[in-house]
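Inside the fold
Listed here are the chains, written in short residue letters.
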Amino acid sequence: MTPDVRFSPIPKTLLTFINVSMVPVRTRRGETRYLCATWGGAIHLFDAEGHAQVIPYPEGGLGSYSFTPAVENGFAWAIHTGGIITRIDVDKGEYDFVQPIPLKVINWGAAITSDGFLVCESSGNPVQGEVMVYDTKKRCVANMFAPVSQHGNLYCHNPRAASDGCVVLPIGVPGAELIRLDPRTGMRQSFQPSAVKGGFSQSLTFLPDGRLAFPHNERIDTVSYPDCRDTEPLPYPDPRPAGWQTFRDYGDGRLFAYHTDGGPLYVIADNCRWRKYLEQFCPRLGNITSAMFCALPRRRLLGLSLFGQLVRYETDGSAKLITQLDNYGYQHVQYLQPTDGALVFTTTFINMSFQQVDTSSGKGRNIHPCQFHGGQVAGTAWHDGKLWLACYSGAEISVYDPKLGGEWPQNPRHVLDIGKEQMRPCGMVSDGHDIWTVTHAQYGKLGGALVRVDPRTETCKVWRNLVPDHNPSGLRVDKERRRVYVGTDINADCNSAPPAKKPAALIAFDMDREVPAWIVRPSPGAGKIIVLALPLPDFVLIATNDPGFPGALILLDAATGEIRRWFDPKLPKEWTTSWVFLVGGDGRLYTASSAGLFRYDLERGPGEAIIDGPVSIPAVRGRDLFFIRGHEIAVAKNVFDMP
């Protein structure tokens, strides 16, 4: 018997220019073009009038956070996540050089020296604070430093090239320091002036008098160069208190400042004094908020939003939308949320969006933005006719009512920020009365949290560090036993700090007493525990990651946490990156993978396929199964009634 599976297309989403600055580059004819990129999408090359070319990522290039103009006009360099460096011919709008490099994960910026040394960083995997020096003239890796810091700091954001041929590396988490690197010799010096204690912003830059500026919202700290000693702070243009915002032009490095209460846009002149650049300035134009800027001739400004809207600002501060860059596309789905009707919601990676699809008609739409802080929706719950959203990067809760019209910030709308140094949610579940989520601590910190959101009062209660220094790996809610089960992970988010001590744990949190009923560490070598399924009928099924993942399946007594059985997963190797366990509407255990949906027996492993073909992100609603296949939502009606 073949199940009835129906498919509805997921609408294309607006891809976000997260963490990618708009970088001006010169053509061989001396004209200016601008480079930017969508994470998971493509590179965009455009001019000030919005005429754009889309350059697909090279094979294996998963995204890019780093562009630098080449030493000679007409070319630019891009560092791609996935371990690839490319040179872009700006005049032709295509790559003229593609080469593998040792940096395999996300890099957070690059700088090129006047003699052609490109310096870029990635955190590494496992994290180790790698810095690569690439000789663009010889087209080879000249040096690798791993780690570059001798103090244990791991992340370099926004390196800056100095006039003496060296590069300044702002190294952060868990501490902070400046490293002056000579890419020609490999000589490194570490400095820790008090100016770095306030953190590093993307607008860190060299001032016309040679000092380094570290902008904060109340003041701009400075240090001398090359000895990196603290010098007098640079005051803002007027004495208004906190609320100053800055950005750096990625063409000439000039520093701009404006106040969130309104007023002019200022720029640092050659004498290190502020002068007006625009008479009035606000980054917001209607529903568009520019996040990246480049100066134009005649004291004008080009702004780019995270969603690809290009805005031109005139000298008097008036602004005009020039174009919407063609940055619609498909991202991989992170969460799938059925409702109690025909509506189904999906969320996609890193783009502040979610998608609404009516599976009865096949019609859908993309909804953006849905949060203040930027990032992705990292957990959803359907509760009392509304979609609740847990969002990175501010551990932010939003809500959307499909019965109401409007758009952000009215609907969807912001509800609360979780706070307490929490950052990335990883799942969200309703117990019918309250909504539960778990969150990672901020970058560079350990100690995640379990959070209960009260949808009636729109408040939350936070339990942090239930297992000291561990981040959560996810959660499951057991309504009958009034428990929330949370697995833990010893690693900081994105490996941004040294890991906590093994082993990982499983927490059974009592909803009524508001304390853990029990905490167990079932495997001494486990760095991560994931709750797979419950109840079965009186057990919790978990998986460990020692030595691989899944290293083992473990059946625990739901009442006590006592280990009842260990099992070999018996999963084919080709499934190991795609399998998911679930309890069907018939109460039986299933596993879903790139090969299909299978009934699963703990002793014998997967049985005969119920659904053939990829079954990704499965969600159970009664006797029906919802899942993702490609760029479509699939609904398998009554699949759990099949013999």
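Heads up: these notes are all about the structure in this document.

Conventions and cut-offs
- Residues numbered from 1 in each chain as written.
- Predicted model: local features only at pLDDT ≥ 70, side-chain atom pairs only at ≥ 80, totals over all residues.
- Heavy atoms only, no water.
- Helix = DSSP H or I, 4+ residues; strand = E, 2+ residues; numbered from the N terminus.
- Rg over C-alpha atoms; globule rule 2.2 N^0.38 Å.
- Buried < 20%, exposed > 50% of the residue type's maximum accessible area, 1.4 Å probe, protein only.
- Contact = heavy atoms within 4.5 Å.
- Areas by Shrake-Rupley, 256 points an atom, 1.4 Å probe, with all protein chains shown as cover.
- Lys, Arg positive; Asp, Glu negative; His and termini not counted.
- Charge placed at Lys NZ, Arg CZ, Asp CG, Glu CD.
- Pairing = 2+ DSSP bridges.
- Polar contact = N/O pair within 3.5 Å; in protein donor to acceptor, adjacent residues only side chain to side chain.
- 1 Å grid on protein atoms, 1.4 Å probe; cavity = no way out; pocket = protein on both sides within 12 Å on 5 of 7 lines; lining within 4 Å.
- Points joined across faces, edges and corners; volume = space filled by probe spheres on them.
- Nonpolar A, V, L, I, M, F, W, Y, C, P; charged D, E, K, R; others polar.
- Axes fitted to C-alpha atoms, helices over the stretch in contact; angles between N-to-C directions.
- Salt bridge = Lys/Arg side-chain N within 4 Å of Asp/Glu carboxyl O.
- Core = buried A, V, L, I, M, F, W, Y, C linked by side-chain atoms within 4.5 Å.

Another point: the overall build of the protein. If you tally the helices and strands in the protein, you get zero helices and 60 strands. Against the globule reference of 26 Å for 643 residues, the protein gives a C-alpha radius of gyration of 26 Å, in line with a compact fold. A burial count over the protein gives 57% of its 643 residues as buried. Counting contacts in the protein only where the partners sit at least 6 residues apart, residues at least 24 apart contribute 43% of the total. As displayed, the protein has an accessible area near 25,800 Å², and 49% of this comes from carbon and sulfur atoms. Put simply, the protein has 65 plus and 66 minus side-chain charges, and the middle of one group is 1 Å from the middle of the other.

In this model, Tyr392 is joined to Ser393 through a cis peptide bond whose omega is 15 degrees. Within the fold, Ser393 resides in the loop between strand E39 (386-391) and strand E40 (396-400). In this model, Lys502 is joined to Pro503 through a cis peptide bond whose omega is 0 degrees. In this structure, Glu514 is a non-glycine residue whose phi angle is positive, near 60 degrees. By relative accessible area, which is 24% here, Glu514 ends up partly exposed. Phi angles above zero are rare outside glycine, and Ile617 is one such case at about 50 degrees. Mapped onto the elements of the fold, Ile617 is located in strand E58 (residues 616-621).

Another point: the pairing of strand E60 (residues 632-637). Looking at chain direction, strand E1 (residues 4-9) and E60 are connected through six bridges and run antiparallel. Note on E60: the bridge partner recorded for Val5 is Ala636. Sheet topology places strand E59 (residues 624-629) next to E60; five bridges connect them, and they run antiparallel. For Phe626, the partnering residue across the bridge sits in E60 and is Val635. Following E59, the chain reverses through two residues before pairing antiparallel with E60; Gly630 in that reversal takes a positive phi of roughly 65 degrees.

Among the structural elements, Thr136 can be located in the loop between strand E13 (130-135) and strand E14 (140-145). Here Gly116 takes part through its backbone oxygen, which lies 2.6 Å from a polar atom of the side chain of Thr136.

Our focus in this paragraph is empty space enclosed by the protein. For the structure shown, the criterion picks out one cavity of 30 Å³ or more. Estimated volume of the largest cavity: approximately 90 Å³. If you trace the largest cavity, you find 15 residues lining it, with Gly448, Leu466, Pro472, Val486 and Ile507 closest to the centre. Considering every element that reaches the lining of the largest cavity, the biggest residue donor is strand E47 (residues 483-489), with three residues. Class assignment of the residues belonging to the lining of the largest cavity gives a composition of nine nonpolar, six polar and no charged.

With that settled, the discussion passes to the sheet that holds strand E25 (residues 255-259). The antiparallel open sheet is built from four strands, whose spatial order is E24-E25-E26-E27. The outermost strands of the open sheet, each flanked by one partner alone, are strand E24 (244-248) and strand E27 (274-278). Looking at each pair of strands side by side, their axes are set apart by 35 degrees on average, direction ignored. The pairing of E24 with E25 spans five bridges and is antiparallel. Residue pairing in the sheet places Thr246 in a bridge with Ala257 of E25.

Turning our eyes to something else, we now look at the pattern of salt bridges. Going through the model one piece at a time under the given rule, you end up with 37 salt bridges. For Asp91, the salt bridge identified is with Arg29, shortest N-O distance 3.6 Å. Here Asp91, found in the loop between strand E9 (84-89) and strand E10 (94-100), pairs with Arg29, found in the loop between strand E3 (23-26) and strand E4 (32-37); they are 62 residues apart in sequence, far enough to count as distant. Here Asp91 falls in the partly exposed class, since its relative accessible area comes to 24%.

Quick look at the environment of Gly329 now. Assignment of secondary structure puts Gly329 in strand E33 (residues 328-329). It is 29 Å that separates the C-alpha atoms of Gly329 and Tyr443, two residues lying 114 residues apart in sequence. Excluding anything up to four places from it in sequence, Gly329 contacts Lys12, Thr13 and Leu15.

Once that is clear, we can look at the nonpolar core. Leu532, Leu541, Leu553, Phe581, Leu589, Tyr600 and Leu602 are the most contacted members of the largest nonpolar core, which totals 16 residues. In this view, Tyr600 contacts Leu553, Asp568, Pro569, Lys570, Leu571, Phe581, Leu589, Tyr590, Thr591, Gly605 and Pro606; residues no more than four positions away in its chain are not counted.

Right, let's get into the sheet that holds strand E28 (residues 284-285). One open sheet holds the five strands; their spatial order is E28-E29-E30-E31-E32, and the pairing between them is antiparallel. Edge strands, defined here as strands with exactly one partner in the open sheet, are E28 and strand E32 (319-324). Judged from the six bridges that link them, strand E29 (residues 288-296) and strand E30 (residues 300-305) form a sheet pairing that is antiparallel. Opposite Leu296, over in E30, you have Arg300 as the bridge partner.

For E9, the tally of buried residues reaches six of six residues, placing the bulk of the element in the interior. Examined bridge by bridge, strand E8 (residues 75-81) and E9 share six bridges and lie antiparallel to one another. Directly across from His80, in E9, lies its bridge partner Ile84. Connecting the antiparallel pair E8 and E9 is a turn made up of two residues, with Gly82 showing a positive phi of about 110 degrees.

Take it as geometry only, folks, not as evidence of what the structure does.
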